[in-house]
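Chain by chain, the residues run as shown.
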Amino acid sequence: MSVVKILKVFRDVAIVGVSANPEKPSNIVFKYLTTQGYNVIPVNPTIDEVLGKKCYASLSVIPEKVEVVDIFRRSEDIPPNRGRSH
């Protein structure tokens, strides 16, 4: 499925590695998706909030539905997929 199709179908997006710095790409994407009506959930264990939204330490503690995960991390920092989906 293409990114365009994914973003047309799904509306609940977690951004892992989001930054509070407005100049960082993860923050720019977070802000853009928010302004386009997506439910964007920030994930970063080192900050409390991004653009007024509570930031979660990990995907596993998010209390709401997550349909898409957008990861802003180095590939070597990403653990292998163990068949678990959110």
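Before any of the text, the structure's been laid out above.
Residues numbered from 1 in each chain as written. Predicted model: local features only at pLDDT ≥ 70, side-chain atom pairs only at ≥ 80, totals over all residues. Heavy atoms only, no water.

### With respect to the packing of aromatic side chains
Describing an aromatic ring pair means giving the distance of the ring centres and the angle of the ring planes. In the structure shown here, the tally under the stated rule is zero aromatic pairs. Above the plane of the ring of Tyr-38 lies Arg-11, whose end atom (NZ or CZ) is 3.8 Å from the centre. (Phe/Tyr/Trp six-rings, centres within 6.5 Å; stacked < 30°, edge-to-face > 60°. Lys NZ or Arg CZ within 6 Å of the ring centre and 35° of its normal.)

### Observations concerning the pairing of strand β2 (residues 39-43)
Extensive coverage of β2 is indicated by the burial of four of its five residues. As paired elements, strand β1 (residues 12-16) and β2 share five bridges and run parallel to each other. What sits directly across from Val-13, in β2, is Val-40. (Buried < 20%, exposed > 50% of the residue type's maximum accessible area, 1.4 Å probe, protein only. Helix = DSSP H or I, 4+ residues; strand = E, 2+ residues; numbered from the N terminus. Pairing = 2+ DSSP bridges.)

### Section: the environment of Asn-39
In this structure, Asn-39 sits in strand β2. Each C-alpha atom, one on Asn-39 and one on Asp-70, is 13 Å from the other, the two residues being 31 residues apart in sequence. Not counting chain neighbours up to four residues away, the residues in contact with Asn-39 comprise Arg-11, Asp-12, Val-13, Lys-53 and Glu-64. Only 3.2 Å separates the side chain of Asn-39 from the side chain of Lys-53, close enough to count as a polar contact. (Contact = heavy atoms within 4.5 Å. Polar contact = N/O pair within 3.5 Å; in protein donor to acceptor, adjacent residues only side chain to side chain.)

### Description of the environment of Pro-42
Within the secondary structure layout, Pro-42 lies in strand β2. Its relative accessible area of 1% is what places Pro-42 among the buried residues. Put simply, Pro-42 and Ile-15 are 27 residues apart on the chain and 5.2 Å apart in space, counted from C-alpha to C-alpha. Sequence-distant contacts of Pro-42, defined by excluding residues within four places in its chain, comprise Ile-15, Val-18, Phe-30, Val-50, Lys-53, Lys-54, Cys-55 and Tyr-56.

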